[in-house]
2 protein chains.
Amino acid sequence: MEKPCKFGTHRVIEPKGVMPQGAKKIDNSPEIQSNEILIDVISLNIDSASFTQIKNEAQNDEEKIKAKILQIVDERGKMQNPVTGSGGMLIGTVAKIGKDLNPSVQVGDKIATLVSLSLTPLKIREIKALHMGIDRVDVTAQAILFETGIYAKLPADMTEELALAALDVAGAPAQTAKLVKPGDSVLIIGAGGKSGLLCCYEAMKRVGPTGNVVAFYQDERDKENLLKGLCHKAVQGDATKPLDVLQSTLGANNGKEFDISINVVNVPNTEMSSILPVRNGGVVYLFSMATSFTKAALGAEGAGKDVTMIVGNGYTKDHAEITLAVLRESKVLRDIFEKRYSSKPA
Amino acid sequence: MEKPCKFGTHRVIEPKGVMPQGAKKIDNSPEIQSNEILIDVISLNIDSASFTQIKNEAQNDEEKIKAKILQIVDERGKMQNPVTGSGGMLIGTVAKIGKDLNPSVQVGDKIATLVSLSLTPLKIREIKALHMGIDRVDVTAQAILFETGIYAKLPADMTEELALAALDVAGAPAQTAKLVKPGDSVLIIGAGGKSGLLCCYEAMKRVGPTGNVVAFYQDERDKENLLKGLCHKAVQGDATKPLDVLQSTLGANNGKEFDISINVVNVPNTEMSSILPVRNGGVVYLFSMATSFTKAALGAEGAGKDVTMIVGNGYTKDHAEITLAVLRESKVLRDIFEKRYSSKPA
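Just so we're clear, the structure is a prediction, and the values are computed from it rather than from any experiment.

What counts as what
- Residues numbered from 1 in each chain as written.
- Chains lettered and ligands numbered in written order.
- Predicted model: local features only at pLDDT ≥ 70, side-chain atom pairs only at ≥ 80, totals over all residues.
- Heavy atoms only, no water.
- Helix = DSSP H or I, 4+ residues; strand = E, 2+ residues; numbered from the N terminus.
- Rg over C-alpha atoms; globule rule 2.2 N^0.38 Å.
- Buried < 20%, exposed > 50% of the residue type's maximum accessible area, 1.4 Å probe, protein only.
- Areas by Shrake-Rupley, 256 points an atom, 1.4 Å probe, with all protein chains shown as cover.
- Lys, Arg positive; Asp, Glu negative; His and termini not counted.
- Charge placed at Lys NZ, Arg CZ, Asp CG, Glu CD.
- Contact = heavy atoms within 4.5 Å.
- Least-squares fit on C-alpha atoms with pLDDT ≥ 70 in both.
- pLDDT = per-residue confidence, 0-100.
- Disulfide = S-S within 2.5 Å.
- Axes fitted to C-alpha atoms, helices over the stretch in contact; angles between N-to-C directions.
- Parallel < 35°, antiparallel > 145°, perpendicular 65-115°, else oblique.
- Nonpolar A, V, L, I, M, F, W, Y, C, P; charged D, E, K, R; others polar.

A. Looking closely at the overall build of chain A. Helix and strand counts for chain A come out as eleven helices and 14 strands. At 21 Å, chain A has a C-alpha radius of gyration in line with the 20 Å of a compact globule built from 346 residues. Seen through its C-alpha atoms, chain A measures out along the principal axes to roughly 60 × 45 × 40 Å. Split into buried and exposed, the 346 residues of chain A put 59% on the buried side. Of the roughly 13,900 Å² of accessible surface on chain A, a fraction of 50% belongs to carbon and sulfur atoms. Here chain A contributes 41 positively and 41 negatively charged side chains, and the mean placements of these two sets differ by 2 Å.

B. Highlighting the environment of Ile189 of chain B. Residues and elements named next belong to chain B. Its place among the elements puts Ile189 in strand β9 (residues 185-189). The class for Ile189 is buried, based on a relative accessible area of 0%. With 86 residues separating them in the primary sequence, Ile189 and Pro103 have C-alpha atoms 37 Å apart. Other than its neighbours up to four places away in sequence, Ile189 contacts Phe216, Ala239, Ile262, Asn263, Val264, Val265, Ser273 and Ser274.

C. Just the relation of the copies chain A and chain B, in detail. The transformation that overlays chain A on chain B combines an axial shift of 0.0 Å with a rotation of 180°, and the residual RMSD is 0.1 Å. What we have between these two chains is a two-fold relation. Relative to the rotation axis, the closest C-alpha in chain A is found at Ile310 of chain A, a distance of 2.3 Å. Most of the interface of chain A is mirrored in chain B: 100% of its interface residues are interface residues there too.

D. Quick peek at the confidence of the model for chain A. Scored by pLDDT, chain A comes out at a mean of 92, with 98% of its residues at no less than 70. Overall fold confidence for the complex sits at a pTM of 0.87, while the interface term, ipTM, reaches 0.85.

E. How the structure looks around the state of the cysteines. All names here are of chain A. Throughout the structure, instances matching the rule amount to zero disulfides over all chains. The thiol of Cys200 is unpaired, and the distance to the nearest cysteine sulfur, on Cys231, comes to 5.8 Å. For Cys231, a relative accessible area of 8% translates into the label buried.

F. Structural view of the packing of helix α5 (residues 194-207) of chain A against helix α10 (residues 319-329) of chain A. Residue and element names in this part refer to chain A. Taken N-terminus to C-terminus, the directions of α5 and α10 make an angle of 80°; their axes are 11 Å apart at the nearest point. Between α5 and α10, the angle is such that the two are roughly perpendicular. Along the contact surface, α5 presents Leu198, Tyr201, Glu202 and Lys205, while α10 presents Ile322, Thr323, Val326 and Glu329. Taken together, the residues of the contact of α5 with α10 sort by class into four nonpolar, one polar and three charged.

If you want it as structure tokens, here you go:
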């Protein structure tokens, strides 16, 4: 093996020169380098797009699904679906810590990895159970965390399901917390979803008494939750119709353009709805994975909008701590999340 | 016609509810609304991707190319290539100014529009000449500029070709000027191109004596230009190989990570090369239209990089003035641009 790299490229088998995420095959041997952490894996949380693809291919036959998962990990050294390219997260206990590391966890601690399974070396000995309804696979397995790999210690004061639901989208609320300033007017598009609710909460906390948080949502059933103190005003509509969004949201902001918009919608063609309602010099924070780079760039130019558009980074410092803290602070959000994301095995 | 909208949606014929850029057909009648400017068009500068597609389809037959352009504009009310979706720019003189506007130009001024032809109402009376080598079409035509449409007065002290070459990429150097602070270390990826040279110049101007500007380029022929005072160090390599880029560029920055990277490469798969060399808390400015939103977002997360990634906006306040000023200030750049972008009719 080559000299250990902090990004884990020393484990790339082929093609050489790429990052672990882009690799076809990585080395999953459990002998750790001085800058790695070995994890005894308890469960894999397979990415929803990936699990759906595998279930369809296996025609929902549990034995075939298990065989497919074992085959992928055996071939690639990681649980990266070759069709969707996506991975997921894992839960496990810290088994061994490389001598050059000084991490915030100890051997025996239960953690969730916050880097994708699509780049995490994994060796499965046995699949113990399949929980089809929540995309979870209980295993006997070992995984490797690279020096730059991010993770969170699982908290003792909430269920694994609740913690994972929040950690899965930890980047968005943490970025919201850093971005929003007192007095800001903030538009959150896709406010009814998991990310949206967390972003609304953080925005409300930061804008203070002189700010205004407008929650734009699609599904009427989300209104009740949003009006439990998670926004100043809730506006219902279709995020793919920019002029309607512009008119209805400015109406909820005294006719003024917003300082910041945050897009957490998971459908395409909502770029202009995030750009038009923002003032020149304002910030458009694009967290939706359905965002088109060119539609955003050319769209802002076409409308002559001098806005700073930021690509939602899944990682920002302390994002897991910031997000878990929200579920401790807010009984309202915790109740919503516990109701929505409690374990429902198939 | 509906009440005039500043984004020009009152001219959208179909489908209703979309912005002019997304529309299949817009109203190109030369009767202006109170918030519009009428332009007597001199030339269209067709977007390179669009012109190449049309030339191929017409098998380089000039008459067929002319017919195709007339057909597109007749059908759509704008010169938006239905295959590539792209447009271009135009040059013309201001013919009439809507009564509710107070623009910085007067009737008779020669201007270049800086919004895409893909959203600009256009009616062609005659195609006078085709300049195949520089994607330029001389016409007798009229066009409409919307209230939010951006434009620049063509300067008297440089040729149209020179001004257009610079205006075409005006967003990048203007954003560089606003982003870079004294003492910053700046990595420019794709430094040998038009945008790259302008960004290098602006970065050099801003970082001052304690900063460091590293120009990463691919083509050996660009080295000579870059070393004419446009960077502190020039590094040659392949921008699609992130680990090579990381190693060679950090080597040119005393082994330290950069404060800012600016990506103006026009090939795919250079996201990680822009992200890895930047320090936590630093800025990654993505100006390349070949950028993948998800590769940037998931890539930064996968490497645990807490960087702010900004989508290159083609427009920022005063971008045309900032960019034209560069060609006046720098004899070095002006010579390079005049040599490279002088008119070479086919």
